[in-house]
Amino acid sequence: MTDEAEAATGAAGAATPTATHAFQADVARLLDLMVHSIYSERDIFIRELISNAADACEKLRYEAIAHPELVADGAPFAITVSLDPDKNRLTVADNGIGMSEADLIAALGTIASSGTKAFLDRLNAEEDKKAEAQNLIGQFGIGFYSAFMVADRVEVETRRAGTDAAWRWISDGKGAYRIEPLDLSLAPTRGSRVNLFLKEDAKEFLQAYKIESLIKEHSGAVAVPIVFLDKPEGEEKSLTDGAALWAKSKSDVTPEQYTEFYRTLAGQFDEPALTIHWRAEGRYEYNVLAFVPGSRPFDLFDPARKGRAKLYVRRVLITSDADLVPGWLRFVRLVVDTADLPLNVSREIVQQSPVFAAIKKGVVTRVMGELTKLAENDKDAFGKIWENFGSVIKEGLYEDYERRDALFKLARFVSSTHPDGNRTLADYIANLRPNQTAIYYLLGDDAKRLAGSPQLEGFKARGIEVLLLPDPVDAFWVGTAAGFEGKPFKSVTQGAADIKLVPLADGQEAPKSEDVSPKVATLLAFMKQTLEGAVEDVRASDRLSESPACLVAPEHGPDRRLERILSQHGRLDELSKPVLEVNPNHPLVTALASRFGGDGDKAIVEDSAWLLFDEARIVDGEQPKDAAAFAARLRRVLERAAA
Ligand code: ADP
C-alpha cells in the first residue's frame, strides 16, 4: 500500500479501506496528453462517456436474460446527463451493469479500448509530433480517459447490478487513482455515475444548450434513451428516444442520422462510403444496417481480423463482434437484429445455429449485390471503395470459392496499359490481342515499379495488356483461380513466354527465339555452365526487346514472387532456381557472342554472365547473389572500360 493510501485508510478508519493504485504506464502517458493539452476536439468526451453508458445498459440487458433478478427494480434503461453549475459538475449516469472493485481496477487503470491502443500506437509512430495528436484524437474512440481533457477531477460512483457493494473511483488524472467504498445510501441502485469536475477553461460545458446540442449531434443514434437535467432540481428533458435506427423504415431516417449511427458503431469519425439498410423477409426475418467506411479502419490488417458486427436478438445485444461477414468483408460495419434466434443460449451457440448461418449468407449476398450495383452505377464511388478495401476483398478470390466469379466481376486492376487502374477483367478480355491465349499478370510489391519490369517488354511490343498485381494476396489467388471467361491466368515471369504468335503492335515481324545464331547459342551454353548451381537454365527470350536479360520462374512450380512471400514467412526453406532469359538480339549479347567466338576471352564473358544475372536480380528487387563478388566484377569491367 502506498503512503497516501495508508494515510487515507488511517484517516477513515480500518473498516473503510481506501486503496491507491498507479495507472498503467500507457494510461499515464495518455492522461498526460489529456491533462496538459488543449485539444480543439475535446467535445468528444461526451460522446465517449455516453457510449460507455449505453454499452453498460446493453451488457445488463443481455445478462438479465439469464438473471432477470438483476433488473427486478423494473426501471427502464436510461442515460441521464445532468449539470450542477454551482459545483462545476457534469454527470453522465446510467442504470446499466455497473462495476465491482475488480472491474474498476481492470477497466479504469489500463487501456481497455482498442481505439485508445491504436491512438497510442499512432502517436508512437509520430513521436514528437504532439500537434498530430490534436488531429488524430477525434478520429479514434479514445474512451473514458478523454474526460480528463475537460475535468481536473473525475469521480465514478458505481454499483454492479445485483450486488451490495458500491465504490467510488477518484482521480485527478496525474499518475494514480483511488478507490473507496461508497455507502449504499449514496450509491446508484445499479449502474454508474461519472462525475466530471470541470476545469476552469471548460466551463462552457455547463451551458445547457451546448451540452444538448453536442448530445443530439454525436449521440442521437445511441440505442438507449438519453435524458437531460440542466440543474440539480431541474426538470428531466428527453433528448433522444433510444429507438433502434435499424428497425425504422428507410424513409424515416435522414442521411445525418445514418452517419451518426455509423460513427457510433464504427468508432470511426468519417462519412460512410455506402449505407445498406434492409429488412429481410421470408424464411427468416431480420433487420440489417450495414456500412462500408469512407476510409480504412486502423485494424484492417490486424491478424485477428475482427469485424465490427453487432448481433441483436429482439433489441438485446448478444455480441459486438458477431461472425456475420467473412474475413474479406471485415471492413463492413453492421448491425443485425432478428427475432428468429433464441435469446436464452450462449453467444457461441447462437452463432452455430443454422439460422445464424442463413442470416450470414443473406448478409454477404446483399452486401455483394449492393457493391456490384454501385460498381455499375457509380464508378467513381466504387473506385474509392476499391482503393481502400480492394486488397481485402481480393482475399475472397482465394478464400471464397463460391463467390469467386462474382468477385471477379467486382475486381479492379492496374495494368501495363492502364496505370491509373480501374480496369475490370471484362475490359481486359475486350482488349485481347489476336492469338492471345491467356490473361497475363506480373506480381510484385509496387505497381509503379512493376510497370518498369523488363519481363514486360515483349508484351508491350505486342500491345498485350498485363495486370500488375502488387498485393501479397494476389500471389495466392492467381495460383488457384482457373481463369476468367475461358482464359487462364498466366504469370509473365514464369515459363517460356507463349506470345510468339501475337503480332507486334507496329506490324513488324518479331525475331523468334529459336532462330538464334550458332554464336549466340554457344554463348548461352557457356553462360549456363558458368552460372551452374545458381540458375535452372539460360535460354533465348521472346519476352525481351530492350533489356539484355531477365529472370523468370521455371514452367512448373510457384511464381518467384509467391516463393519470396512464403520464404519471408518461414514457410519455404529454399527458393527454386530461376531461369535466366537472354535477349539474343541485344547489342551487348551479340558483341559478347562474337568476342567469345573470336579470341575466347572467357574471363570477360564469365564476369558478364554473372553481372547480367545479378543485374536481373536487382531489377526484380533482390540483392546480388554475392555482393562482394558482384562489386569485384563490376570494378574489373569498369577498369577495362576506363583503360
Ligand atoms: P472502451 O469503452 O472502448 O472499452 P473505455 O476506456 O471507454 O474503453 O472504457 C474502459 C472500460 O471501462 C470499458 O470497457 C468498461 O468495461 C468500463 N466502463 C467505462 N464506463 C463504464 C460504465 N459507465 N459502466 C460500466 N463500465 C464502464
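Residues numbered from 1 in each chain as written. Predicted model: local features only at pLDDT ≥ 70, side-chain atom pairs only at ≥ 80, totals over all residues. Heavy atoms only, no water.

An unreviewed UniProt entry lists the protein under the name Chaperone protein HtpG, from Lichenifustis flavocetrariae. The annotation that UniProt attaches to the protein under Subunit (unreviewed entry) is "Homodimer." Of the protein, the UniProt comment under Function (unreviewed entry) reads exactly: "Molecular chaperone. Has ATPase activity." (UniProt positions renumbered as here; feature names shortened; annotations may be inferred.)

Asker: Just to check I follow, could you spell out helix α22 (residues 627-642) for this structure?
Answerer: Helix length check: α22, at 16 residues, gives a terminal C-alpha distance of 22 Å against a target of 22 Å (1.5 Å per residue), a fit within 8%. Put simply, Asp 626 is the residue that caps the front of α22, since its side-chain oxygen is 3.2 Å from the backbone nitrogen of Ala 628. (Helix = DSSP H or I, 4+ residues; strand = E, 2+ residues; numbered from the N terminus. Expected span 1.5 Å × (residues − 1). Polar contact = N/O pair within 3.5 Å; in protein donor to acceptor, adjacent residues only side chain to side chain.)

Asker: Sorry if this is basic, but what is going on with the sheet that holds strand β13 (residues 316-319) here?
Answerer: Across a sheet, strands are paired by hydrogen bonds formed along the backbone, either parallel or antiparallel in direction. The strand order β10-β11-β14-β12-β13 describes an open sheet built from five strands, whose pairing is mixed. Unpaired on one side and paired on the other, β10 (274-280) and β13 mark the two borders of the sheet. Between one strand and the next, the sheet's axes are offset by a mean angle of 20°, whatever the strand orientation. With three bridges connecting them, strand β12 (residues 308-313) and β13 associate as antiparallel partners. Among the inter-strand pairings, Tyr 312 is bridged to a residue of β13, identified as Leu 317. Where helix α8 (residues 255-266) meets the sheet, its contacts fall on β10, β11 (286-292), β12 and β14 (333-338), and the angle it forms with β11 comes to roughly 85°. On top of the sheet, helix α10 (residues 354-377) reaches β10, β11, β12 and β14; it is set at about 135° to β10, its chief contact. (Pairing = 2+ DSSP bridges. Axes fitted to C-alpha atoms, helices over the stretch in contact; angles between N-to-C directions. Contact = heavy atoms within 4.5 Å.)

Asker: Any chance you could explain the side chain of Gln 436 here in plain terms?
Answerer: Along the chain, Gln 436 falls in the loop between α14 (425-430) and β16 (439-443). When its relative accessible area of 6% is taken as the criterion, Gln 436 is described as buried. Those residues in contact with Gln 436 that lie beyond four places of it in its chain are Tyr 428, Ile 464, Lys 487 and Val 502. (Buried < 20%, exposed > 50% of the residue type's maximum accessible area, 1.4 Å probe, protein only.)

Asker: How do you make sense of the pattern of salt bridges when you look at a structure like this?
Answerer: Here the idea is simple: oppositely charged side chains can pair when their charged atoms come close. A full pass over the atoms with the stated rule returns 43 salt bridges. Here Glu 157 and Arg 168 are joined by a salt bridge, their closest N and O atoms 3.2 Å apart. Within this pair, whereas Glu 157 is found in strand β4 (residues 151-159), its partner Arg 168 is found in strand β5 (residues 166-171), the two being separated by eleven residues in sequence. Assessed through its relative accessible area of 17%, Arg 168 is described here as buried. Via salt bridges that share partners, Arg 153, Glu 155, Glu 157, Arg 168, Arg 178, Glu 180 and Arg 193 belong to a single interconnected network. (Salt bridge = Lys/Arg side-chain N within 4 Å of Asp/Glu carboxyl O.)

Asker: Any chance you could explain the domain arrangement of the protein here in plain terms?
Answerer: One widely used convention gives an interface's size as the accessible area the parts lose upon coming together. Partitioning the protein into domains gives domain 1 (3-240), domain 2 (248-382) and domain 3 (413-642). Measuring from the centre of the C-alpha atoms in domain 1 to the corresponding centre in domain 3 gives 62 Å. (Domains from an automatic or database assignment.)

Asker: Even after reading the chapter, I still don't get the environment of Ile 499, so can you show me in this structure?
Answerer: Mapped onto the secondary structure, Ile 499 falls in the loop between β18 (489-491) and α18 (518-530). The residues contacting Ile 499, other than those within four sequence positions of it, are Tyr 440, Gly 458, Phe 459, Arg 462, Ile 464 and Asp 542.

Asker: For this particular structure, what's the right way to read the side chain of Arg 412?
Answerer: Mapped onto the elements, Arg 412 comes out in the loop between α13 (404-410) and β15 (414-415). For the buried Arg 412, which has no salt bridge, the nearest side chain bearing the opposite charge is Asp 427, at an N-O separation of 6.5 Å. If we ignore the near neighbours within four places in the chain, the residues touching Arg 412 are Ala 375, Phe 382, Trp 386, Asn 422, Arg 423 and Thr 424. (Lys, Arg positive; Asp, Glu negative; His and termini not counted.)

Asker: Would you mind going over the confidence of the model for the protein with me for this structure?
Answerer: As a note on interpretation, predicted positions should not be read in detail where pLDDT is low. When the pLDDT values of the protein are averaged, the result is 88; 92% of them are 70 or greater. Predicted confidence for residues 1-15 stays below pLDDT 50, and this span has 13 contacts to residues more than four positions away or in other chains. (pLDDT = per-residue confidence, 0-100.)

Asker: Is there a simple way to think about the environment of Asp 515 in this case?
Answerer: Here Asp 515 lies in the loop between β18 and α18. Looking at Asp 515, the relative accessible area reads 58%, which means it is exposed. Along the chain, Asp 515 and Glu 271 lie 244 residues apart, while their C-alpha atoms are 61 Å from each other.

Asker: Just to check I follow, could you spell out the packing of aromatic side chains for this structure?
Answerer: Enumeration according to the criterion identifies 21 aromatic pairs in this entry. Aromatic side chains Phe 23 and Tyr 145 sit 6.5 Å apart centroid to centroid with 85° between the ring planes, which places their arrangement in the edge-to-face category. Here Phe 23, found in the loop between β1 (19-22) and α2 (25-36), pairs with Tyr 145, found in the loop between α6 (130-136) and β4; they are 122 residues apart in sequence, far enough to count as distant. For the pair Phe 23 and Tyr 145, a shared accessibility class is recorded, and that class is buried. Between Phe 23 and Tyr 177, the aromatic rings sit 5.0 Å apart at their centres with planes inclined by 45°, giving tilted as the arrangement. Here Tyr 177 lies in strand β6 (residues 176-182) and Phe 23 lies in the loop between β1 and α2, a separation of 154 residues in the sequence. Across the pair, Tyr 177 and Phe 23 agree in class, each one buried. (Phe/Tyr/Trp six-rings, centres within 6.5 Å; stacked < 30°, edge-to-face > 60°.)

Asker: I tried to follow the environment of Val 367 on my own but got confused; where do I start?
Answerer: Here Val 367 lies in helix α10. Note: C-alpha distance between Val 367 and Phe 291 (76 residues apart in sequence) is 9.2 Å.

Asker: Got a minute to help me understand the packing of α18 against helix α21 (residues 602-619) in this structure?
Answerer: Packed helices, taken two at a time, are described by the angle their axes make and the gap between the axes. Between α18 and α21, the shortest axis-to-axis distance is 10 Å and the interhelical angle comes to 70°. The angle between the axes of α18 and α21 places the two elements in the roughly perpendicular class. Listed contacts from α21 to Leu 523, Phe 526, Met 527 and Thr 530 of α18 are Lys 602, Val 605, Glu 606, Ala 609, Trp 610 and Leu 612. (Parallel < 35°, antiparallel > 145°, perpendicular 65-115°, else oblique.)

Asker: Explain the packing of α21 against α22 here, please?
Answerer: α22 packs onto α21 with a crossing angle of 120° between their chain directions and a minimal axis gap of 10 Å. Between α21 and α22, the angle is such that the two are oblique. Note on packing geometry: the crossing formed by α21 with α22 is left-handed. The segment α21 lies against α22, with Ile 604, Asp 607, Trp 610, Leu 611, Asp 614 and Ile 618 engaging Phe 630, Arg 633, Leu 634, Arg 636, Val 637 and Arg 640. The residue makeup of the contact of α21 with α22, split by class, is seven nonpolar, no polar and five charged. (Left-handed = near helix turned anticlockwise from the far one by under 90°. Nonpolar A, V, L, I, M, F, W, Y, C, P; charged D, E, K, R; others polar.)

Asker: It is not clear to me how helix α19 (residues 560-568) should be interpreted in this structure. Could you clarify?
Answerer: Within an α-helix, residues lying three or four positions from one another point in the same direction, as the helix has 3.6 residues per turn. Residues of α19 that are buried: Arg 560, Arg 561, Leu 562, Glu 563, Ile 565 and Leu 566. Among the structural elements, β16, α17 (474-480) and β20 (549-552) are those in contact with the buried residues of α19. Sitting at the amino-terminal end of α19 is Asp 559, which places a side-chain oxygen 2.8 Å from the backbone nitrogen of Arg 561. Phi for Gly 570, located one or two positions after α19, is positive at around 70°.

Asker: Looking at this structure, I do not really get the sheet that holds strand β2 (residues 79-84). What am I missing?
Answerer: Across the sheet, nine strands lie side by side as β1-β6-β5-β4-β7-β3-β2-β8-β9; this open sheet has mixed pairing. Both outer strands of the open sheet, β1 and β9 (237-240), are each paired with one neighbouring strand and no more. Taken pair by pair, the neighbouring strands of this sheet meet at an average axis angle of 20°, ignoring direction. The sheet contact formed by β1 and β6 spans four bridges and is antiparallel.

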